[in-house]
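Chain and residue survey
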There are 2 protein chains.
Amino acid sequence: MSIFGAMPHQNRHTLNNGISVDCVILGFDFEKLQVLLIERDSDSDDQASRYALPGDLIYDDENLNQAAHRVLKELTGLENIFLEQSHAHGDVERTKRESDQKWLESVRDEPSLRVITVAYYSLVNINAFKPSPSNFAKSVVWKPLGEIEDLAFDHFEILTQARRTLQAKIKLKPIGFNLLPEKFTLSQLHKLYESILGRELDKRNFRRKMMKLDIVERLDEKQIGVPHKPSNFYKFNIENYQKLIEEGYDNFGF
Amino acid sequence: MSIFGAMPHQNRHTLNNGISVDCVILGFDFEKLQVLLIERDSDSDDQASRYALPGDLIYDDENLNQAAHRVLKELTGLENIFLEQSHAHGDVERTKRESDQKWLESVRDEPSLRVITVAYYSLVNINAFKPSPSNFAKSVVWKPLGEIEDLAFDHFEILTQARRTLQAKIKLKPIGFNLLPEKFTLSQLHKLYESILGRELDKRNFRRKMMKLDIVERLDEKQIGVPHKPSNFYKFNIENYQKLIEEGYDNFGF
């Protein structure tokens, strides 16, 4: 091969040792929100150091958005999703925990260097892709948001902050519809909103407001084979939604 | 002085050459929004390179919030204000413009190094402090937001993004009251909201909604010496506002 030919991947880029990106990927299993985590070390008894958000250092020839998409794909196989920036995290001690330092020593050239991280988040349909771990991810798992008490580094704080960003966002735009299947019941939509907002919502008010917004459309089709009275299916009315957004409508709070 | 005595300021810290903070400080002169800018080089004909947001590299022993407060104080004298993070900006070419490079060469050890910046924003009462330039700020000026077409680096983009963050924020919380004097007219409040949202708001709807929210209180006092029918003064009702926020109320959109 000519010396002008393709170079191995790792030689094309220089790592920026001081900046990383981390991705908070949330999915919905029709009951509760789940977070996509990578398992770094399956032998560890320390639950916090065992699981982390998918994240890594950025390259010096990519911007933050590009880095977030690349890192997510490299660690979990997930691609072509809409990532939005949540928050930059820069506490001086954020990577200094002993169990994290041990892990950093095994994967980084400069494990003790301070790293500032920029967090991204996304809502995805949990059934739309099959995670496939690679790079330093031993496995990729969905964990119920409510069961997570700690994570590697400051990732629990990053997760909490991303959730706050999302809670503010969903009041201005109805952003959760891609977490549901094409046809869904109003109960599923109601549960989705409750899990994102982290509090109970009055069922009747919720339905009334959704109907008034006119962004869901009742289908002539019911659930089959359920152990309760079958509910009607609905679908998202994208045209009406687009019209509302174009008109500057922004009150989707409940 | 003992060798254990106080060291000069610049020796206590190590600069992180890859991370900076920038501050978008907005004030209101009762007519329009103004942005606080530092003048870097008063001889320059290039308007973009002449004015910048107050910003600088962070030290390795401070977090991002601390850096934002320190840098703002060092360059403009402004302190004790509520700064909130807006967005991290990391385009590969963001400091590469020729006019900016020239300036960086005069103040930085490594002028060609890539710098990622984390933007903060705040709304302040334009009359509550007198800016005093120091460090590399030749002067500190308020510029009307609408008259700014470009700034140093990607600061115009940072300003635009911070404005977007603020526009989303003000729909969830009525955050502009500290830009007004203690007693204000409803016209002033209306103009403030219009300048933040960047669009006209129907005056009657605006007043009706404000009254319904019950967060402004009519005072038994009118304007004096104005060339039109004097308007009534109002004040912000902090107790009612706190109550609304505690109840989780979040619909302050117009």
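Residues numbered from 1 in each chain as written. Chains lettered and ligands numbered in written order. Predicted model: local features only at pLDDT ≥ 70, side-chain atom pairs only at ≥ 80, totals over all residues. Heavy atoms only, no water.

With respect to the relation of the copies chain A and chain B
A rotation about an axis combined with a shift along that same axis relates the two copies of the chain. With an RMSD of 0.0 Å, chain A superimposes on chain B once it is rotated by 180° and translated 0.0 Å along the axis. Such a combination of turn and shift is consistent with a two-fold rotation axis. Here 100% of the interface residues in chain A have copies in chain B that are interface residues too; the copies meet face to matching face. (Least-squares fit on C-alpha atoms with pLDDT ≥ 70 in both. Contact = heavy atoms within 4.5 Å.)

Quick look at the pattern of salt bridges
Opposite charge on two side chains lets them pair, provided their charged atoms get close. Counted according to the given criterion, the structure contains 28 salt bridges over all chains. Across the salt bridge formed by Arg 114 of chain A and Asp 60 of chain B, the nearest N and O atoms sit 3.5 Å from each other. Within this pair, whereas Arg 114 of chain A is found in the loop between α3 (98–107) and β6 (116–124), its partner Asp 60 of chain B is found in the loop between β4 (55–59) and α2 (64–76), the two belonging to separate chains. Using a relative accessible area of 9% as the deciding quantity, one classes Arg 114 of chain A as buried. Taking the shortest distance from any N to any O, the salt bridge between Glu 221 of chain B and Lys 183 of chain B comes out at 2.9 Å. (Salt bridge = Lys/Arg side-chain N within 4 Å of Asp/Glu carboxyl O. Helix = DSSP H or I, 4+ residues; strand = E, 2+ residues; numbered from the N terminus. Buried < 20%, exposed > 50% of the residue type's maximum accessible area, 1.4 Å probe, protein only.)

Some remarks on the packing of aromatic side chains
All told, the structure shown has 16 aromatic pairs over all chains when counted by the stated rule. Ring plane angle 75° and centroid distance 5.0 Å describe the contact between Trp 103 of chain B and Phe 136 of chain B, whose orientation is recorded as edge-to-face. Highlighted residues: Trp 103 of chain B in helix α3 (residues 98–107) and Phe 136 of chain B in the loop between β6 (116–124) and β7 (139–144), separated in sequence by 33 residues. This pair shows no difference in class: Trp 103 of chain B is buried, exactly as Phe 136 of chain B is. Between Phe 177 of chain B and Phe 236 of chain B the ring centres are 4.0 Å apart and the planes differ by 5°, which places this aromatic pair in the stacked class. With Phe 177 of chain B in the loop between α4 (155–170) and α5 (186–197) and Phe 236 of chain B in strand β9 (residues 232–236), the pair connects residues that are 59 residues apart, well separated along the chain. Among the residues examined, Phe 177 of chain B registers a relative accessible area of 7% and is labelled buried. Linked through ring pairs, Phe 177, Phe 184, Phe 236 and Tyr 241 of chain A together constitute an aromatic cluster. The ring of Trp 103 of chain A carries the charged tip of Arg 40 of chain A above its face, separated from the ring centre by 4.2 Å. (Phe/Tyr/Trp six-rings, centres within 6.5 Å; stacked < 30°, edge-to-face > 60°. Lys NZ or Arg CZ within 6 Å of the ring centre and 35° of its normal.)

Some points on the domain arrangement of chain A
Residue and element names in this part refer to chain A. Split into domains, chain A comes out as domain 1 (9–171) and domain 2 (174–246). The partner domain 2 presents 15 residues to the 16 residues of domain 1 that form the contact. Of the roughly 1500 Å² buried where domain 1 meets domain 2, counting both sides, 68% is carbon and sulfur surface. Where domain 1 packs against domain 2, one counts one salt bridge. Taking the shortest distance from any N to any O, the salt bridge between Lys 191 and Glu 31 comes out at 3.2 Å. Across the contact surface, domain 1 and domain 2 share five residue pairs in polar contact (both at pLDDT 80 or more). Listed by contribution, the elements that provide at least two residues to the side of domain 1 that touches domain 2 are β1 (15–28), β6 and α4 (155–172). Per-element tally for the side of domain 1 that touches domain 2: the top contributor is α4, with six residues. (Domains from an automatic or database assignment. Buried area = accessible area lost by both parts, 1.4 Å probe. Polar contact = N/O pair within 3.5 Å; in protein donor to acceptor, adjacent residues only side chain to side chain.)

Quick look at the interface of chain A and chain B
Across the contact, 25 residues belong to chain A and 25 residues belong to chain B. For the pair chain A and chain B, the summed buried area comes to about 1900 Å², and 57% of that belongs to carbon and sulfur atoms. Three residues, Gln 85, Arg 114 and Leu 172 of chain A, lead the burial of chain A against chain B; their summed loss comes to 24% of the area buried on that side. Counting the contacts that link chain A with chain B gives two salt bridges.

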